[in-house]
Amino acid sequence: STFSLAEKMSMTSRGTGLEAPCFARLRSLRLGSRLVLATAAAAALVVEAAAAAAVSAAAVASSTSTAAVRLAAQEAGEHADSVHNIGAGSAAKDMDLEAWCAAKNSDVGPAISSRLTDRGAWRADPQPPLGVEPVPGLSEGVPASVVHNVLSAEECRELIAGFPQQGAGFMPGERVSELYRDRKVKSRALARDEALAQALYSRLKDHVPQELDGGRLYRVNPNFRFIHYETGGHHSTHIDGREPGVPAWDEEAGGWVQSRLTMQVYLNSHGRDFKGGEFAIVSPIPNASGDGNASGTNVRYVVKPREGDVVIFYQERLNPPSDYPPYELQHEGSDVTEGEKFACRTMVDYVFPDKERARMGNVKDDAQRRATAVALGAGCSARGPQRVLAIGNTIIDMILTVPHIPVDEKIRVDTKRRYVGGQGANAAQAMAVLGLNVSFVSRIGDDADGGMARSAYQALGMDLTPIIVVPGAATSSAAVIVATGEDKQRSILIYDDPVLHAPRPSTAAALDDVVRRLAAGEFRAVYTDGWQMDLALPIVRAAVAHKVPVVVDVEEITNETRALADLATILIANGPIIQALASSADDGDLRSAVASLAALRVGRTVVATSGPAGAYGAEHGSREVVHVLAVKCDVRDTTGAGDSFHAGYVDALVRGLSLREAMTFATHVAAAKCETPGPAVTRASLELYGVLPSTCAA
């Protein structure tokens with residue numbers, strides 16, 4: 001789980017795939033880039049400039065120690081297997097990833113701290129006060145500190161005396177160098193030490209965050225690496241990863257467990273027992289050419305190890321990579337120039353209620369997203385219990401994930417899950433999660449699927465008074481086939497029971513009640529997904545008559561949907577639909593299409609969504625066509641992304657945001673959906689993008 005800087009910067013954003021490192025030296029590392037909203041760039045530069053100033057101050061303060069810090073780069077490795085080109089040495093060239101991991105982790109030996117128990121060498125409670133030095137120059141909320149006097153001198157001596165020389169868990173330095181290319185040690189031992197983990201937890205629990213990335217503090221991991229360095233020993237620049245790589249369910253913890261902090265424990269002292277061997281946090285130096293590469297590193301912070309001290313620092317998200325490079329906690333252990341250095345390393349684990357939150361949480365990304373949302377007007381201003389009316393389909397989606405969309409072939413399904421979906425339902429549920437009070441007009445059957453839908457809506461606090469329950473009808477359903485391979489395609493097969501849509505008196509009664517509520521001024525906005533036109537058209541006409549803004553989605557062109565589009569205050573649809581409605585022959589000319597449609601009526605706004613190309617919007621009376629870039633995200637499932645965009649836009653609309661601000665906010669909501677399996681965006685994903693009232697308030 002430890003990656004060199006060169007390897008980290010060559011990672012792709014798809015799953016665990018790695019590109020073969022194309023740079024052999026640290027001075028040529030690629031810093032990385034991300035798609036950012038153009039108007040956010042200036043704000044981001046301000047943040048980076050402030051961070052750089054703090055980093056420079058820290059570097060100056062530690063300049064007397066920088067001469068001893070090892071800045072030489074790692075070699076790229078002798079093997080060409082890009083799948084596991086992540087720090088593996090020459091002995092790994094014929095191993096696959098599984099074999100290499102098994103070899104480097106070897107077996108695990110017994111607890112080393114048993115010596116302390118046998119000799120009564122544990123420091124007695126109450127423990128003395130611990131000195132804490134926060135690491136300066138990091139982004140807000142990124143934890144890193146040096147804690148002094150955690151272990152006593154006697155405890156450290158006994159742990160050193162217990163270092164194994166052979167047996168289970170022991171690996172000589174020669175074998176370590178064969179398996180890793182980024183470090184040189186005399187020996188390394190793996191040990192499971194519950195007593196040492198508990199001692200460290202009890203002494204340090206008040207000096208580490210109780211919550212990180214939405215998870216709560218769980219334990220100090222009992223699996224330790226004990227490292228013995230001699231002259232020439234070092235660990236080159238790298239970034240620590242989280243373990244396990246995929247969050248694991250822990251029945252005892254009652255949630256998904258993954259590490260968030262590295263804990264480096266020093267057992268003897270710089271200056272007294274050895275020279276060199278400093279721990280340094282470093283940052284890349286950009287090339288003067290401005291080509292995105294690095295020419296070397298700056299030392300940002302230096303720790304001279306001292307007996308009993310512990311360095312604790314955050315493990316930044318590596319998979320998928322952070323959206324805001326460069327990484328802040330790239331670090332290295334410099335050459336030991338004289339003597340022998342002893343240390344041990346473990347992690348601090350957190351437990352999460354949601355696997356996706358555990359996988360995607362990252363302090364810097366979350367803070368930057370919140371800052372970007374607020375800076376672009378996508379924050380919490382005028383957030384309140386606004387009531388909106390949504391009209392649309394309820395469809396129970398069975399989502400099947402497969403490697404690729406099959407054509408005349410038989411393949412195995414990877415996962416199968418059922419969700420409450422449908423274009424209108426996806427948007428309505430997203431609005432509810434965003435904090436709006438949603439009244440939902442939809443048709444469902446009186447079957448089990450209809451009951452499933454009602455339960456989901458009620459759990460979100462939605463008003464179901466306008467729901468039409470049709471006796472003897474089957475609720476609409478769909479099979480959604482999602483390809484998880486490189487192309488990430490999908491196919492949707494929908495079943496609609498004709499009985500569900502047959503005319504009946506209850507429909508007219510429901511419509512009359514909704515129109516009455518519109519006339520009473522109960523709704524701040526109306527949204528329709530462009531389906532169930534016998535419901536949508538009468539309600540939209542009434543909304544227009546009472547001057548209630550109407551947000552319309554159109555997915556197919558018919559006479560009825562053209563009439564609906566003409567009534568829309570805000571028309572939001574995908575690019576091909578907007579071009580068809582504008583009779584635009586040029587497939588690439590979305591700007592002119594949205595401008596021409598917006599110009600047709602006073603007070604009208606038109607937005608065209610275009611996937612990775614972002615969105616284009618125009619307002620009547622304005623010559624400007626607004627373009628908002630897509631937000632870079634880890635795409636897991638695009639089902640419902642457009643519906644989430646609509647929900648975000650409705651939320652922004654009732655808060656009075658400008659066109660650009662509303663489009664920006666909606667883009668963030670859609671990006672959060674793309675990182676969410678299933679058709680509807682979740683609270684956890686929206687929290688990651690900082691667009692919920694609770695996260696904005698924080």
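What counts, and where the lines are drawn
- Residues numbered from 1 in each chain as written.
- Predicted model: local features only at pLDDT ≥ 70, side-chain atom pairs only at ≥ 80, totals over all residues.
- Heavy atoms only, no water.
- Helix = DSSP H or I, 4+ residues; strand = E, 2+ residues; numbered from the N terminus.
- Buried < 20%, exposed > 50% of the residue type's maximum accessible area, 1.4 Å probe, protein only.
- Contact = heavy atoms within 4.5 Å.
- Areas by Shrake-Rupley, 256 points an atom, 1.4 Å probe, with all protein chains shown as cover.
- Pairing = 2+ DSSP bridges.
- Axes fitted to C-alpha atoms, helices over the stretch in contact; angles between N-to-C directions.
- Parallel < 35°, antiparallel > 145°, perpendicular 65-115°, else oblique.
- Left-handed = near helix turned anticlockwise from the far one by under 90°.
- Nonpolar A, V, L, I, M, F, W, Y, C, P; charged D, E, K, R; others polar.
- Core = buried A, V, L, I, M, F, W, Y, C linked by side-chain atoms within 4.5 Å.
- Expected span 1.5 Å × (residues − 1).
- Arc of directions from axis to C-beta.
- Salt bridge = Lys/Arg side-chain N within 4 Å of Asp/Glu carboxyl O.
- Phe/Tyr/Trp six-rings, centres within 6.5 Å; stacked < 30°, edge-to-face > 60°.
- pLDDT = per-residue confidence, 0-100.
- Disulfide = S-S within 2.5 Å.

Regarding the overall build of the protein
Then, in step 1: Of the regular secondary structure elements, the protein holds 20 helices and 33 strands.
Then, in step 2: Relative to its 698 residues, the protein shows a buried fraction of 54%.
Then, in step 3: In the protein, 74% of the contacts between residues at least 6 apart in sequence involve partners at least 24 apart.
Then, in step 4: Accessible surface, the protein as shown: approximately 28,300 Å² in total, 53% of it carbon and sulfur.

Focus: the pairing of strand E20 (residues 387–391)
Then, in step 1: Within E20, 4 of the 5 residues are buried, which leaves the element mostly enclosed by the surrounding structure.
Then, in step 2: As defined by bridge partners, E20 adjoins strand E23 (residues 437–441) across 5 bridges and the pair is classed as parallel. Counterpart to arginine 387 in the pairing with E23 is asparagine 437.
Then, in step 3: With 4 bridges connecting them, E20 and strand E28 (residues 525–528) associate as parallel partners. For valine 388, the partnering residue across the bridge sits in E28 and is alanine 525.

Thoughts on the pairing of strand E8 (residues 215–220)
Then, in step 1: As paired strands, strand E7 (residues 211–212) and E8 are joined by 2 bridges and run antiparallel to one another. Paired with leucine 212 across the strands is glycine 215, a residue of E8.
Then, in step 2: Direction of pairing for E8 relative to strand E19 (residues 341–352): antiparallel, over a ladder of 4 bridges. Looking at E19, one finds that valine 220 is bridged to valine 348.

Describing the packing of helix H13 (residues 533–545) against helix H14 (residues 559–567)
Then, in step 1: Where H13 contacts H14, the two axes come as close as 10 Å, and the packing angle between them is 25°. With respect to their mutual orientation, H13 and H14 come out roughly parallel. Considering the relative orientation of H13 and H14, their crossing is left-handed. Mapping the contact onto sequence places Met533, Leu537, Val540, Arg541 and Val544 in H13 and Glu560, Thr561, Leu564 and Leu567 in H14.
Then, in step 2: Here the contact of H13 with H14 is built from residues that sort into 6 nonpolar, 1 polar and 2 charged.

Overview of the nonpolar core
Then, in step 1: Within the largest apolar cluster, 57 residues are counted, with the highest numbers of intra-cluster contacts made by Met431, Val438, Tyr457, Tyr649 and Leu686.
Then, in step 2: Excluding its chain neighbours within four sequence positions, the residues that come into contact with methionine 431 are Val388, Leu436, Val438, Tyr527, Ala647 and Val650.
Then, in step 3: Residues Leu116, Leu204, Phe279 and Val348 belong to the second largest nonpolar core, which totals 50 residues.

Side note on unusual backbone geometry
Of all residues except glycine, most have a negative phi; of all peptide bonds, most are trans.
Then, in step 1: Going from aspartate 125 to proline 126, the amide bond is cis rather than trans, its omega being 0°.
Then, in step 2: You can see proline 126 is positioned in the loop between helix H4 (114–119) and strand E2 (131–134).
Then, in step 3: The residue after glutamate 243, namely proline 244, is reached through a cis peptide bond having omega -10°.
Then, in step 4: Inspection of the secondary structure assignment puts proline 244 in the loop between strand E10 (234–240) and strand E11 (248–250).
Then, in step 5: One non-glycine residue, lysine 547, lies in positive phi territory at about 60°.
Then, in step 6: Its place among the elements puts lysine 547 in the loop between H13 and strand E29 (550–553).

Let's talk about helix H18 (residues 659–674)
Then, in step 1: Its 16 residues place the ends of H18 22 Å apart at the C-alpha level, agreeing with the 22 Å of an ideal helix rising 1.5 Å per residue.
Then, in step 2: Where burial is concerned, most of H18 is hidden: 14 out of the 16 residues are buried.

Observations regarding the sheet that holds strand E22 (residues 415–421)
Then, in step 1: If you trace the 4 strands from one edge of the open sheet to the other, you get E22-E21-E26-E27, paired in mixed fashion. Every other strand in the sheet has two partners, leaving E22 and strand E27 (490–495) as the edge strands with one partner each. Taken over all neighbouring pairs, the strand axes of this sheet differ in orientation by 20° on average, direction set aside.
Then, in step 2: Note that strand E21 (residues 395–402) and E22 share 7 bridges and pair antiparallel. Of the residues in E22, the one forming a bridge with isoleucine 399 is arginine 417.

Here we look at the side chain of aspartate 397
Then, in step 1: Along the polypeptide, aspartate 397 turns up in strand E21.
Then, in step 2: On the basis of relative accessible area, aspartate 397 is assigned to the buried category, the value being 5%.
Then, in step 3: For aspartate 397, the residues in contact, after removing those within four places along its chain, are Arg417, Arg418, Tyr419, Gly421, Gly422, Ala478, Val480 and Pro679.

Brief notes about helix H7 (residues 194–204)
Then, in step 1: Every buried residue belonging to H7 is among Leu196, Ala197, Ala199, Leu200, Arg203 and Leu204, and all of these are buried. Looking straight down H7, one finds that the buried residues subtend no more than 160° of arc, so they occupy a single side.
Then, in step 2: Buried residues along H7 sit against strand E3 (144–148), helix H5 (153–161), E8, strand E9 (223–229), strand E12 (255–266) and strand E16 (310–314).

As for the pattern of salt bridges
Then, in step 1: The tally for this structure, following the rule as stated, stands at 25 salt bridges.
Then, in step 2: One salt bridge in this structure joins glutamate 243 and arginine 225, with 3.3 Å as the shortest N-O distance. One end of the pair, glutamate 243, is in the loop between E10 and E11; the other, arginine 225, is in strand E9, and 18 residues separate them in sequence.
Then, in step 3: With a relative accessible area of 16%, arginine 225 lands in the buried category.
Then, in step 4: Overlapping salt bridges, with partners in common, bring together Arg115, Arg119 and Glu158 in one network.

Quick word on the packing of aromatic side chains
Then, in step 1: Counted by the stated rule, this structure contains 6 aromatic pairs.
Then, in step 2: Here the aromatic rings of phenylalanine 163 and phenylalanine 342 are separated by 5.1 Å at their centres, their planes lie at 90°, and the arrangement is edge-to-face. Taken together, the residues phenylalanine 163 in the loop between H5 and strand E4 (170–172) and phenylalanine 342 in strand E19 connect sequence positions 179 residues apart. In terms of burial, phenylalanine 163 and phenylalanine 342 fall into one category: buried.

Some words on the confidence of the model for the protein
Then, in step 1: Averaged over every residue, the pLDDT of the protein is 81; the share at 70 or more is 81%.
Then, in step 2: Here residues 1–85 is a poorly scored stretch, pLDDT under 50, and it has 177 contacts once near neighbours within four places are set aside; other chains count.
Then, in step 3: The low-confidence segment residues 377–382, where pLDDT is below 50, has 18 contacts with residues more than four positions distant or belonging to other chains.

Remarks on the state of the cysteines
Then, in step 1: Considering all chains together, one arrives at 0 disulfides under this definition.
Then, in step 2: Cysteine 344 supplies the cysteine sulfur nearest to cysteine 156, a cysteine that is in no disulfide, at a spacing of 8.5 Å.
Then, in step 3: The exposure class of cysteine 156 is buried, given its relative accessible area of 0%.

Some remarks on the sheet that holds strand E30 (residues 570–574)
Then, in step 1: With mixed pairing, the 8 strands of this open sheet are ordered in space as E23-E20-E28-E29-E30-E31-E32-E33. The sheet is open, and its two edges are formed by E23 and strand E33 (625–628), each paired on a single side. Each adjacent strand pair in this sheet contributes to an overall mean axis angle of 20°, direction not counted.
Then, in step 2: Note: strand E32 (residues 615–619) against E33, 4 bridges, orientation antiparallel. Each residue of the ladder has a partner; that of tyrosine 616, found in E33, is histidine 627.
Then, in step 3: Here helix H10 (residues 423–434) sits on the sheet in contact with E20, E23 and E28, set at roughly 165° to E23.
Then, in step 4: Helix H16 (residues 590–598) contacts E30, strand E31 (605–609), E32 and E33 of the sheet and is inclined by roughly 30° relative to E32.

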